[in-house]
Protein chains: 2
Amino acid sequence: MKRSPEFSLQCLQFMVMVLSILFTGTEAGRLDIPRLSPTRGTLIENPEIMSSKAVSDDLQTFYYPQTLDHFNYQPQSYATFEQRYVMNFKHWGGANGSAPILAYLGAEAPLDGDLTVIGFLSDNAIRFNALLVYIEHRYYGKSIPFGSREEAFKNASTLGYFNSAQAIADYAEIIMHIKKKLNAFYSPVIVIGGSYGGMLASWLRLKYPHVALGALASSAPILYFDKITPRGAYFSVVTKDFKEASETCYRTIRNSWSVIDKIASQPHGLSILSSKFKTCKPLKSSSELKNELGNMYATAAQYNQPPRYPVTVVCGGIDGANEKQDILSKIFAGVAAYRVNRSCYINQPTNGSETAVGWRWQTCSEMVIPIGIGKNTMFQEQPFDLNSFIEQCMRLYGVPPRPHWVTSYYGGHDIKLILQRFGSNIIFSNGLRDPYSRGGVLENISESIIAIHTVNGSHCLDILPEKESDPEWLVRQRETEVMIIKRWIAQYYADLKAILIKQ
Amino acid sequence: MKRSPEFSLQCLQFMVMVLSILFTGTEAGRLDIPRLSPTRGTLIENPEIMSSKAVSDDLQTFYYPQTLDHFNYQPQSYATFEQRYVMNFKHWGGANGSAPILAYLGAEAPLDGDLTVIGFLSDNAIRFNALLVYIEHRYYGKSIPFGSREEAFKNASTLGYFNSAQAIADYAEIIMHIKKKLNAFYSPVIVIGGSYGGMLASWLRLKYPHVALGALASSAPILYFDKITPRGAYFSVVTKDFKEASETCYRTIRNSWSVIDKIASQPHGLSILSSKFKTCKPLKSSSELKNELGNMYATAAQYNQPPRYPVTVVCGGIDGANEKQDILSKIFAGVAAYRVNRSCYINQPTNGSETAVGWRWQTCSEMVIPIGIGKNTMFQEQPFDLNSFIEQCMRLYGVPPRPHWVTSYYGGHDIKLILQRFGSNIIFSNGLRDPYSRGGVLENISESIIAIHTVNGSHCLDILPEKESDPEWLVRQRETEVMIIKRWIAQYYADLKAILIKQ
């Protein structure tokens, strides 16, 4: 299989999108989303996630003629587009033995990067004798309706089909298609996803139990909708991560914002800040700097993973600066420690990545994750304002978001009350250092809807490739997940046998 | 509440639609659906179902501005239409005590008739201290998008939004809206439906467990899709019903078709048949007669309910005819016994009822129920031909059906394997004399996904009003259903209490 030159990782991108909306929102309420950390940049900041045992030679790419609109019967709904999926048969036990299928559900990015980065599949194929399947999300990568990205992203009329219910139906259809094609009707399917893709995995299990036997939903903040999770939770955790890493670092950051504001308000203030932070272009506003710093802290917290622990890196820079330096020099030392060896450090050019463009629509239609910044964080307060969010989306697309649709269609309120006697076979995994974990499921719901969290884990860490340097708690988390999924599959085979004997 | 002059009952209409497609299909494959037994005619044939204890004065009508397309974000998807629902607060225990809500889900007809005919709600309101809610299905009655029936039914572009997934989302939204409006967030909701509406009830519970605590799905043939149920099952049961009522009657009917064909092929044959059967208009083909007879036998079997037992009535006519009369005179005696005191008996004018027009679209889009007639019935063999069915729908609407969508979205294959450890709180009730029961769930799936059937029951009998004359097995069936639902609700209240205490 030809590998795309650009790698991506949904788990990373998911958060960056949300943050950018938030931070850029500070500028007089403008929804200035394109200013995003590009994927490449994010990956460079986290180079260790690139490794994997996956062998690309074993991957085969396929295309499925996917229905444009599963829930409508207008003539145009029948249009199809080529949806990409990739399979790896190397370790599969085959249809005769109804050997398992591990299906990774793509999220808000092209699929290419996931093929080597989603270690949970490549590392476990041999343990499960599993067929590996990776499916790309509609409107990303090579799975674009209307013939071209230009057409597909033209306006709300072509973007209207770009939503989670359609995407989950796509996945269900492709999985059924694969099973039929391979004559593997009774092969149990486990769907796996991270972050937004983790939500999709858990929702697919809930909506299509006949398609997936179980789901591993890694770092899926399915409760970060409506007001189920306090809106300030995300930045409370970012703050906590920094405070626990270093009290002085936390205080330095907390005190830095007013200093930035003060300097910015002085004559030539922006040019002083530009020079101090070695920005790539002269700053046009202090928000530009504050957004990027905030984004960096949040990214470091969300992906605060071993062995590097970015929060420790940033705080190492800040705390390691000369005691006599001014506060902004210390902050810059933190930036420089994290973003090593750059020619410039702030407002690097954004490339309007597929993820940026796609996720902007998704958040402006249904994925309204209302993250704000409350009191008592190391950031300046900034409540989420739904009305201005709606206005901004209206201005961008001409249609308003449906902020309650996710909880209407998928639920979320009182999840334990609802699911403790309904549904089964979902693992919600989280790392508590990940600020998104606060919108995740952190308590067991039933005997088979399980919450697994690690105190020191970060965003989607469990589904990344196994490494020699992995701490013991991470090894154990993954082992537990594999053990639980093996139990589901064993139970399924026993049920299948009992039913076939009866027939 | 103003009562509509015309009454209808989904449970009745559901079958008539399917049969008409089938029988008219004999004519050189034409899909000549408008030739249907009108609702009124069907009701006249079953006058006993009209009674009810419901007091219409307690009914209040409301309209909800419903979203046209829940699964799409094109500008036109945001259009709304007024969806009708009706509530009866008389026996409700109120929001403070989280008293239950019984919600009837309308099917392929205007809601008006259901308000008095769905006894399960009116009879049980007092037993549950329940709020009664009746919701009309989109594209029927007063719940018409696009401002008028004419616009809404113009072509596939306006009909495209007319499908079960959208309808179920409508119901979910209205139920959530009602709970919010009444501050009854923790009131448990039981959804109830019959036939197609029963499918919707079971599917709503499966897809929206956060909206409905449980479902009573009466005579819901959710397995009569794809090839899960043998295609000939329906007419095998019709045949069995007649054979068990009277072996001679069964033989007379079985032998009558070739006699009709033979006479029809003779000079003036059609006029002989027209006169023999006192047709309303001269017959244009023998199929016209055979369709109507077949439809009548099937209707009699499906609604073979006490105290009248239509199959016994028909066979009483046939068997009671003079032994020396010719076979077609005996058949006519059966018709005359069933359709008493008519001025004419065959090819009565059809009125293109809402149900006829609406269900024709629904079967031609997603509700492809592949009923055919196999060998060894009392009918002439007539296999279901999917290809010609698709062609006919294409000709009518310009878009093809999606015959596998129902099982893709809702499942159905290996239902016990899939649901024995997933989902809860559904009653599938059936009467085994109902030919549709063969496409229903007849075995318990789990401890709380329960199949209840009665050997002598007919289509939707359990949700019709209680009557003094009800046989003991019917009384017991209804008592069992009420007891099970009470158990769900008690369990729910216990769960709710435990969770609230913990908080």
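An unreviewed UniProt entry annotates chain A as Serine carboxypeptidase S28 family protein originating from Hibiscus syriacus.

Chemist: Got a minute to help me understand the overall build of chain A in this structure?
Modeler: A count of helices and strands for chain A gives 19 helices and eight strands. Relative to its 503 residues, chain A shows a buried fraction of 65%. A fraction of 75% describes how many contacts in chain A between residues 6 or more apart in sequence connect residues 24 or more apart. For chain A, the accessible area works out to roughly 17700 Å², and carbon and sulfur atoms hold 53% of it.

Chemist: Whenever I open this one, the state of the cysteines confuses me. Can you help?
Modeler: Simply put, the disulfide is a covalent bond whose two ends are the sulfur atoms of two cysteines. All names here are of chain A. Overall, the coordinates contain six disulfides over all chains when judged by the stated rule. The side chain of Cys364 participates in a disulfide bridge whose partner is Cys393; the two sulfur atoms lie 2.0 Å from each other. Taking the sign of the torsion about the S-S bond as the criterion, the disulfide between Cys364 and Cys393, at about -75°, is left-handed. With a gap of 29 residues between them, Cys364 in helix α15 (residues 354–365) and Cys393 in helix α16 (residues 386–397) connect regions that are remote in the sequence.

Chemist: In this structure, what is going on with the packing of helix α12 (residues 286–302) of chain B against helix α14 (residues 327–338) of chain B? I would like to understand it.
Modeler: Relative placement of two packed helices is described by the angle separating their axes and the distance separating the axes. Residues and elements named next belong to chain B. Running from N to C, α12 and α14 cross one another at 55°; their axes reach a closest spacing of 12 Å. What the angle tells us is that α12 and α14 run oblique. α12 and α14 meet at a crossing whose hand is left-handed. Counting all contacts with α12, which are made through Leu293, Met296, Tyr297, Thr299 and Ala300, the residues of α14 involved are Ile331, Val335 and Tyr338. Partitioned by chemical class, the residues of the contact of α12 with α14 number seven nonpolar, one polar and no charged.

Chemist: Is there a simple way to think about the interface of chain A and chain B in this case?
Modeler: The partner chain B presents 59 residues to the 59 residues of chain A that form the contact. Across the chain A to chain B interface the summed buried area is about 5100 Å²; carbon plus sulfur atoms make up 56%. On the chain A side of the contact with chain B, Tyr73(A), Arg402(A) and Phe422(A) bury the most area, a combined 16% of that side's loss. At the junction of chain A with chain B, the criterion picks out four salt bridges. With a closest N to O distance of 2.6 Å, Arg421(B) and Asp495(A) form a salt bridge. Of all the secondary-structure elements, those providing two or more residues to the side of chain A that touches chain B are α6 (156–159), α7 (164–181), α8 (196–207), α15, α17 (405–410), α18 (415–419) and α19 (472–502) of chain A. By residue number, the principal contributor to the side of chain A that touches chain B is α19(A), which donates six residues.

Chemist: I tried to follow the packing of aromatic side chains on my own but got confused; where do I start?
Modeler: Remark: the centre distance and the inter-plane angle together describe each pair of aromatic rings, the angle taken between the planes. Counted according to the given criterion, the structure contains 65 aromatic pairs over all chains. Between Tyr140(B) and Phe162(B), the aromatic rings sit 5.5 Å apart at their centres with planes inclined by 80°, giving edge-to-face as the arrangement. Residue Tyr140(B) is found in the loop between β4 (131–135) and α5 (149–152), and its partner Phe162(B) is found in the loop between α6 (156–159) and α7 (164–181); the two are separated by 22 residues along the sequence. Phe162(B) sits in the buried class, given a relative accessible area of 0%. Arranged with centres 4.8 Å apart and planes meeting at 65°, the rings of Tyr409(B) and Tyr410(B) form a pair that is edge-to-face. Each member of the pair Tyr409(B) and Tyr410(B) is classed as buried. Seen from the ring of Tyr208(B), Lys207(A) lies directly overhead, with NZ or CZ sitting 4.4 Å from the centre.

Chemist: Is there a simple way to think about the relation of the copies chain A and chain B in this case?
Modeler: Think of it as a corkscrew move, a rotation about one axis and a shift along it, taking one chain copy to the other. With an axial shift of 0.0 Å and an RMSD of 0.1 Å, the rotation relating chain A to chain B amounts to 180°. Look at the turn and shift together and you get a two-fold axis relating the two. Taking C-alpha positions as reference, the residue of chain A nearest the rotation axis is Gly423(A), located at 2.4 Å.

Chemist: Just to check I follow, could you spell out the side chain of Ser77(B) for this structure?
Modeler: Locating Ser77(B) in the fold gives a position in the loop between β1 (59–67) and β2 (80–88). What Ser77(B) contacts, discounting residues up to four positions off in sequence, is Arg402(A), Thr67(B), Leu68(B), Asp69(B) and Asn72(B).

Chemist: Could you clarify how one ought to interpret the pattern of salt bridges in this entry?
Modeler: A pair can form between side chains of opposite charge whenever their charged atoms are brought close. Residue and element names in this part refer to chain B. As enumerated under the stated definition, the model contains 40 salt bridges over all chains in all. Of the charged contacts, one joins Lys90 and Asp58 as a salt bridge, the two residues approaching to 3.7 Å between their closest N and O atoms. On the criterion of sequence distance, the pair formed by Lys90 in the loop between β2 and β3 (101–105) and Asp58 in the loop between α2 (39–45) and β1 is long-range, its members being 32 residues apart. Here Lys90 falls in the exposed class, since its relative accessible area comes to 53%. With relative accessibility at 24%, the residue Asp58 sits in the partly exposed group.

Chemist: What's the story with the nonpolar core in this structure? I'm lost.
Modeler: Note that soluble globular proteins tend to have their nonpolar side chains buried in a common cluster. Ranked by internal contacts, the top residues of the largest apolar core, which has 235 residues, are Phe242(A), Tyr297(A), Phe242(B) and Tyr297(B). In contact with Phe242(A), not counting residues within four places along its chain, are Cys249(A), Tyr250(A), Ile253(A), Tyr297(A), Ala300(A), Ala301(A), Val311(A), Val314(A), Cys315(A) and Met378(A).

Chemist: Please clarify how the packing of helix α10 (residues 247–265) of chain A against helix α12 (residues 286–302) of chain A should be interpreted in this entry.
Modeler: Residues and elements named next belong to chain A. Between α10 and α12, the shortest axis-to-axis distance is 10 Å and the interhelical angle comes to 165°. The angle between α10 and α12 falls in the class roughly antiparallel. Crossing hand, α10 versus α12: right-handed. Two secondary-structure elements touch here, α10 through Ile253, Trp257, Ile260, Asp261 and Ala264 and α12 through Ser286, Leu289, Lys290, Leu293, Gly294 and Tyr297. Its residues assigned to classes, the contact of α10 with α12 shows seven nonpolar, two polar and two charged.

Chemist: Sorry, what's going on with the confidence of the model for chain A here?
Modeler: When pLDDT drops low, the exact placement of atoms in the prediction is not to be read closely. Scored by pLDDT, chain A comes out at a mean of 90, with 88% of its residues at no less than 70. A low-confidence stretch, residues 20–54 of chain A (pLDDT under 50), is modelled with 105 contacts involving residues beyond four sequence positions or located in other chains.

Chemist: What exactly am I supposed to notice about unusual backbone geometry here?
Modeler: Generally, phi is negative for residues other than glycine and the peptide bonds are trans, each holding for most cases. All names here are of chain A. Omega for the bond connecting Pro306 with Pro307 falls within 30 degrees of zero, at 0°, which places this linkage in the cis form. Here Pro307 shows up in the loop between α12 and α13 (310–320). Notably, Asp414 is not glycine yet its phi reads approximately 50°, a positive angle. In this fold, Asp414 is placed in the loop between α17 and α18. Unlike most non-glycine residues, Cys460 shows phi in positive territory, near 65°. Turning to its location among the elements, Cys460 is positioned in the loop between β8 (449–454) and α19. With a relative accessible area of 0%, Cys460 lands in the buried category.

Chemist: Where do I start with the pairing of strand β8 (residues 449–454) of chain B in this structure?
Modeler: Residue and element names in this part refer to chain B. Judged by how many residues are buried, β8 sits mostly within the fold: five of six residues are covered. Pairing analysis gives six bridges linking strand β7 (residues 426–431) to β8, with the strands arranged parallel. Each residue of the ladder has a partner; that of Ser429, found in β8, is Ile452.

Chemist: I tried to follow the side chain of Ser286(B) on my own but got confused; where do I start?
Modeler: Residue and element names in this part refer to chain B. Counting through the fold element by element, Ser286 comes out in helix α12. The exposure class assigned to Ser286 is buried, which follows from its relative accessible area of 15%. If we ignore the near neighbours within four places in the chain, the residues touching Ser286 are Ile260, Asp261, Ala264 and Leu270.

So, how was this worked out
- Residues numbered from 1 in each chain as written.
- Chains lettered and ligands numbered in written order.
- Predicted model: local features only at pLDDT ≥ 70, side-chain atom pairs only at ≥ 80, totals over all residues.
- Heavy atoms only, no water.
- Helix = DSSP H or I, 4+ residues; strand = E, 2+ residues; numbered from the N terminus.
- Buried < 20%, exposed > 50% of the residue type's maximum accessible area, 1.4 Å probe, protein only.
- Contact = heavy atoms within 4.5 Å.
- Areas by Shrake-Rupley, 256 points an atom, 1.4 Å probe, with all protein chains shown as cover.
- Disulfide = S-S within 2.5 Å.
- Axes fitted to C-alpha atoms, helices over the stretch in contact; angles between N-to-C directions.
- Parallel < 35°, antiparallel > 145°, perpendicular 65-115°, else oblique.
- Left-handed = near helix turned anticlockwise from the far one by under 90°.
- Nonpolar A, V, L, I, M, F, W, Y, C, P; charged D, E, K, R; others polar.
- Buried area = accessible area lost by both parts, 1.4 Å probe.
- Salt bridge = Lys/Arg side-chain N within 4 Å of Asp/Glu carboxyl O.
- Phe/Tyr/Trp six-rings, centres within 6.5 Å; stacked < 30°, edge-to-face > 60°.
- Lys NZ or Arg CZ within 6 Å of the ring centre and 35° of its normal.
- Least-squares fit on C-alpha atoms with pLDDT ≥ 70 in both.
- Core = buried A, V, L, I, M, F, W, Y, C linked by side-chain atoms within 4.5 Å.
- pLDDT = per-residue confidence, 0-100.
- Pairing = 2+ DSSP bridges.

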